[in-house]
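Listed below, chain by chain, are the residues.
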Amino acid sequence: MLFGFVSVVFLAAIIGIIAIIEIKKIDTADTKMYESVVQPFGQITKITTQMQEMRVFVRDMVLASDQEALKENYNAFMSMSVKIDSIMAVYQSTILTDAGHKTFDELVLTKKAYVDCMPEFKAMLNNGKTEEAKAFMRGEWSKVNKKMHAASEALIAQKINVGSESSDNNTAIANTAT
């Protein structure tokens, strides 16, 4: 009788230890998913939104009624560029795949190319060449913007895939605990 009771207690202890180990694995996997998918997803979304805000500043430069408004929108554009760079620096540390690094590098290059268009655009506006500036904005600059947008969208898609894989892995860990 005592042997049976000790056997049940021993078996229950082993099951409990295994369950605790598996719960710790799930907790670790959940934390990893939060840090490598959820937080970065918010960051890339913010980057994409702020890139759109940069485009609004460009448009507002064309619509500016005076040099002061032109300067304000230029400064806002450049300030937003710095903000994006700081978020991108944080985001970069969360990239887990070679494809993610490659796409991120493409985003960095296209964002730089986008910002590098500003001096020429601003010079056109400062020299009263508004129609040329509009054509530049709708032509070459728009092409660069589309590449930048495509890279940010690709990063979003990659984070969704990483999140899906993490979720599947977490489910597999949970299934081993039951």
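Check the entry above for the structure.
Worth saying up front: this structure is predicted, and the values here are computed from it rather than measured.

**Quick look at the overall build of the protein**
- Counting its regular elements, the protein contains six helices and zero strands.
- When the helices and strands of the protein are read in sequence order from the N terminus, they spell out α-α-α-α-α-α.
- Expected size for 178 residues packed as a compact globule is a radius of gyration near 16 Å; at 26 Å, the protein overshoots this value by more than 25%.
- Seen along its three principal axes, the alpha-carbon backbone of the protein occupies a region of about 100 × 25 × 20 Å.
- By the burial criterion, 32% of the 178 residues in the protein qualify as buried.
- Considering only contacts within the protein whose residues lie at least 6 apart along the sequence, 78% involve residues at least 24 apart.
- As displayed, the protein offers around 10900 Å² of accessible surface, 61% of which is attributable to carbon and sulfur atoms.

**What about the environment of valine 37?**
- Mapped onto the elements of the fold, valine 37 is located in helix α1 (residues 2–63).
- Take valine 37: its relative accessible area is 8%, and that puts it in the buried class.
- A sequence separation of 59 residues divides valine 37 from leucine 96, and the C-alpha atoms of the two residues are 9.6 Å apart.
- The residues touching valine 37, leaving out its near neighbours within four places in the chain, are Lys32, Lys159, Val162, Gly163 and Ser166.

**Considering the packing of α1 against helix α3 (residues 98–116)**
- Contact pair α1 / α3: the axes reach a minimum separation of 12 Å and the direction vectors enclose 15°. Relative to α3, the element α1 lies roughly parallel. When the axes of α1 and α3 are compared, the crossing they make is left-handed. Here Ile44, Ile47, Met51, Met54, Arg55 and Val58 of α1 lie close against α3, whose contacting residues are Leu107, Lys111, Tyr114 and Val115.

**Let's talk about the environment of tyrosine 34**
- Assignment of secondary structure puts tyrosine 34 in helix α1.
- Classification of tyrosine 34 by relative accessible area gives partly exposed; the value is 45%.
- Linking tyrosine 34 and phenylalanine 3, residues 31 residues apart in sequence, is a C-alpha distance of 46 Å.
- Ignoring sequence-local partners within four residues, the contact set of tyrosine 34 consists of Gln39 and Pro40.

**Remarks on the nonpolar core**
- One finds Ile47, Val58, Phe77, Leu107, Tyr114, Phe121 and Trp141 to be the most contacted residues of the largest nonpolar core, which totals 34 residues.
- Secondary structure elements with two or more residues in this core: α1, α2 (67–92), α3, α4 (118–126), α5 (130–138) and α6 (140–177).
- A total of eight residues in this core trace back to one element, the largest contributor, which is α1.
- In this structure phenylalanine 121 touches Val58, Met61, Val62, Ala133, Phe136, Met137 and Trp141, once residues within four positions along its chain are discounted.

Procedures and definitions
Residues numbered from 1 in each chain as written. Predicted model: local features only at pLDDT ≥ 70, side-chain atom pairs only at ≥ 80, totals over all residues. Heavy atoms only, no water. Helix = DSSP H or I, 4+ residues; strand = E, 2+ residues; numbered from the N terminus. Rg over C-alpha atoms; globule rule 2.2 N^0.38 Å. Buried < 20%, exposed > 50% of the residue type's maximum accessible area, 1.4 Å probe, protein only. Contact = heavy atoms within 4.5 Å. Areas by Shrake-Rupley, 256 points an atom, 1.4 Å probe, with all protein chains shown as cover. Axes fitted to C-alpha atoms, helices over the stretch in contact; angles between N-to-C directions. Parallel < 35°, antiparallel > 145°, perpendicular 65-115°, else oblique. Left-handed = near helix turned anticlockwise from the far one by under 90°. Core = buried A, V, L, I, M, F, W, Y, C linked by side-chain atoms within 4.5 Å.

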